[in-house]
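Examining the three-dimensional arrangement
One-letter residues, chain by chain:
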Amino acid sequence: MIKTKDLVETITKGIQEKKGQNIVVADLNNIEGTICNYFVICQGTSPSHVEAITDAVEEYVRVNASEKPVRIIGRENDLWVAMDYSDVLVHIFVPDAREYYNLENLWADAKIETIPDLD
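Residues numbered from 1 in each chain as written. Predicted model: local features only at pLDDT ≥ 70, side-chain atom pairs only at ≥ 80, totals over all residues. Heavy atoms only, no water.

**Some thoughts on the pattern of salt bridges**
- With the rule as written, the count across this model stands at four salt bridges.
- Residue E58 is joined to R75 by a salt bridge in which the shortest nitrogen-to-oxygen separation is 2.9 Å. Pair noted here: E58 is in helix 2 (residues 47-65) and R75 is in the loop between strand 3 (71-73) and strand 4 (80-84), with a separation of 17 residues, a long-range link.
- The partner of E104 in a salt bridge is R98, with the nearest N and O atoms 2.4 Å apart. Neither E104 nor R98 differs from the other in exposure class; each is buried.
- One continuous salt-bridge network, built from bridges that share partners, spans D55, E58 and R75. (Salt bridge = Lys/Arg side-chain N within 4 Å of Asp/Glu carboxyl O. Helix = DSSP H or I, 4+ residues; strand = E, 2+ residues; numbered from the N terminus. Buried < 20%, exposed > 50% of the residue type's maximum accessible area, 1.4 Å probe, protein only.)

Structure, rendered in C-alpha cells:
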C-alpha cells in the first residue's frame, strides 16, 4: 500500500496532467474529528474540464499507485466531484462552486499548501 503523502503527490500529478488549476492540499492530520488526513482541492474551467480531471486522476493513481477510489460522487453534473481515497479526499470544482463552498476557509486550522499551476 502506498503512503498517504505519496498518494497526495500522485493525485496532484494526475490533476496537473489535465491542467487542473489552483491546487491546494489541506493537511488535516492535526485536527480532531476529521474524516480523512488530507483534502486535495482544485478546479477546472468547465464541467467537461472537471470530468477530464476526474478521469485523469482516477487513471493516473490507478497506474502509478495501484489505488482506486472507494467512491466518486458528483459525476452527474461535474460541478463538484468528490473522490474518496480513504485517507485523502479529492475535490474538483468549477470556479463558481469552489467559491461558494470555500472549503479552504472551512478548514482554516489546516496546514495549507498551494501547488503551482503548470503552464
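Here the narrative resumes, following the displayed structure.
**Here's the deal with the side chain of R98**
- With respect to the helices and strands, R98 occurs in helix 3 (residues 95-101).
- A distance of 3.4 Å separates a polar atom in the side chain of R98 from a polar atom in the side chain of Q43. (Polar contact = N/O pair within 3.5 Å; in protein donor to acceptor, adjacent residues only side chain to side chain.)

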